[in-house]
Amino acid sequence: MSGRKPYNPARKWTNGCWIASLAGIVLFFSPIVFDIDIFQGGGALFFVGLAVFLTGLASGILFWRLAVSLDSICRGEHLLAHWTYAPEEWSRYSEAEHDKDRRDKWALFRLVAIIAVVVGVGFTIVKHNDTWLLILTMIGGLIALIGAVAYLSIVSSYRANRTHPGEAYIGNNGLLLGRSFHYWRLPLSFLHSVAYKEGAPSYLEIVYSAQSGIARGQYTVRVPVPKGQEDVAKRVIESLTGLGAGKVAAAE
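Below: a short report on this structure. A quick note: this is a predicted structure, and the numbers were derived from the prediction, not measured.

1. Topic: the nonpolar core
And then number 1: In this structure, W83, I170, L175, L177, L204, I206 and V223 are the most contacted members of the largest nonpolar core, which totals 24 residues.
And then number 2: Of all the secondary-structure elements, those providing two or more residues to this core are strand 1 (79-84), helix 3 (87-127), strand 2 (167-171), strand 3 (174-177), strand 5 (190-197), strand 6 (203-212), strand 7 (215-224) and helix 5 (230-242).
And then number 3: The greatest single-element share of this core, amounting to five residues, is contributed by helix 5.
And then number 4: Residues contacting L175, with those up to four places away along its chain left out, are Y169, I170, S180, F181, H182, W184, I206, V221 and V223.
And then number 5: Ranked by size, the runner-up nonpolar core spans eleven residues in total, among them A10, A67, I73 and F181.

Next comes the structure, spelled out in structure tokens:
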């Protein structure tokens, strides 16, 4: 391994959560410090401060666990593979991922936009009132906001891949690919499958699911396999399969 300390995205989020917790404490005690009446905003500050503190604390503990797990993987604990990509390999991968990411997110955006338009138009037809212009304006604003979020997500992912060296740390519990960390050993998280896919470049396809707020999402990560590392990739598959990949139905 190189002497350079790997980037740990969870560490940044952990620090942000601690800052949010401190802000919550400040809000909670501000009515006492500044003698704000409970019926003139003090009660709201108490409630908001407590909510911000608890949310920041819970999120901070979660991200701290992720940061510690990633640090341990990068130190070599339970590390299955550490790959550093040649510039041309990482460039090909970045372009291929960018094309796939762009297609998938714009397809999802078009679907959401069509549903929003249909619901908005249907609502205005059923209601027959003077709020139709307001409703359609709100629908248009929502579509524009979703489109902006999709665009920024596509651009930020592509920029991160293009401006930072290509490197992968694959462990039993998760992996760091470029500047993206994926972890499948949290409560209610499962590793579904690991497969080797031939291509230019060939890659490991890792599918896992994890809880995100009240929703549950399934994620697919494509990890490029450097030339000459095919046997290592197969050992990674064997190790992860032995840890439970492909056995999720019984666990759920």
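2. Considering the side chain of D71
And then number 1: Here D71 shows up in helix 2 (residues 42-74).
And then number 2: For D71, the residues in contact, after removing those within four places along its chain, are N8 and R11.

3. A word on a nonpolar patch on the surface
And then number 1: A cluster of nonpolar side chains, contributed by L22, I25, F29, I32, V33 and F34, occupies part of the molecular surface with about 640 Å² of accessible area.
And then number 2: Take L22: it is sitting in helix 1 (residues 9-33).

Rules used in this analysis
- Residues numbered from 1 in each chain as written.
- Predicted model: local features only at pLDDT ≥ 70, side-chain atom pairs only at ≥ 80, totals over all residues.
- Heavy atoms only, no water.
- Core = buried A, V, L, I, M, F, W, Y, C linked by side-chain atoms within 4.5 Å.
- Buried < 20%, exposed > 50% of the residue type's maximum accessible area, 1.4 Å probe, protein only.
- Helix = DSSP H or I, 4+ residues; strand = E, 2+ residues; numbered from the N terminus.
- Contact = heavy atoms within 4.5 Å.
- Patch = residues over 30% accessible without salt bridge, like charges linked within 9 Å, V, L, I, M, F, W, Y side chains within 5 Å.
- Areas by Shrake-Rupley, 256 points an atom, 1.4 Å probe, with all protein chains shown as cover.
- Salt bridge = Lys/Arg side-chain N within 4 Å of Asp/Glu carboxyl O.

Read these as spatial facts, not as claims about activity.
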